[in-house]
Amino acid sequence: QVQLVESGGGLVQAGGSLRLSCAASGLTFSSYAMAWFRQVPGKDREFVAVESGGTNYADSVKGRFTISRDNAKKTVNLQMGSLEPEDTAVYYCAAKIGRLYGSRWPNDYNYWGQGTQVTVSS
């Protein structure tokens, strides 16, 4: 079965950096657009970034976060810099069939990871 497993979350001070990774299995990785979303309690899941041939970012993270993928290793990464307390959330990796058709809408995604907590202290 399809599995997406995130890692790399943790506690970091404001201004610091973290690198999240998502390892995929059970799917033809190169056929999927890969994205990161985040969610805080009581709020909807929020788009962060997508890699679908090119890259697209939420305005709130543009210039601070970088998404990248390695098709050979079946991984997608999110390098996060200049972190702010507002970036505190559970971060989820997601896969959408259609390599070149990324989306900002969670409902468009076929598979999700279990999430990894990122906490940024002020």
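What this report covers is the structure whose coordinates are included nearby. (Residues numbered from 1 in each chain as written. Predicted model: local features only at pLDDT ≥ 70, side-chain atom pairs only at ≥ 80, totals over all residues. Heavy atoms only, no water.)

**Focus: the side chain of Asn77**
And then number 1: Turning to its location among the elements, Asn77 is positioned in strand β8 (residues 75-80).
And then number 2: A polar contact is formed between the side chain of Asn77 and the side chain of Ser21, at a distance of 2.8 Å.
And then number 3: Leaving out residues up to four positions away in the same chain, Asn77 has contacts with Arg19, Leu20, Ser21, Trp36, Thr66, Ile67 and Ser68. (Helix = DSSP H or I, 4+ residues; strand = E, 2+ residues; numbered from the N terminus. Polar contact = N/O pair within 3.5 Å; in protein donor to acceptor, adjacent residues only side chain to side chain. Contact = heavy atoms within 4.5 Å.)

**Details of the pairing of strand β3 (residues 18-25)**
And then number 1: Along β3, the buried face is formed by Leu18, Leu20, Cys22 and Ala24; none of Arg19, Ser21, Ala23 and Ser25, which line the opposite face, is buried.
And then number 2: Judged from the five bridges that link them, strand β1 (residues 3-7) and β3 form a sheet pairing that is antiparallel. Looking across to β3, one finds that Ser7 is bridged to Ser21.
And then number 3: In this structure, β3 lies alongside β8, joined through six bridges in antiparallel fashion. Directly across from Ser21, in β8, lies its bridge partner Asn77. (Buried < 20%, exposed > 50% of the residue type's maximum accessible area, 1.4 Å probe, protein only. Pairing = 2+ DSSP bridges.)

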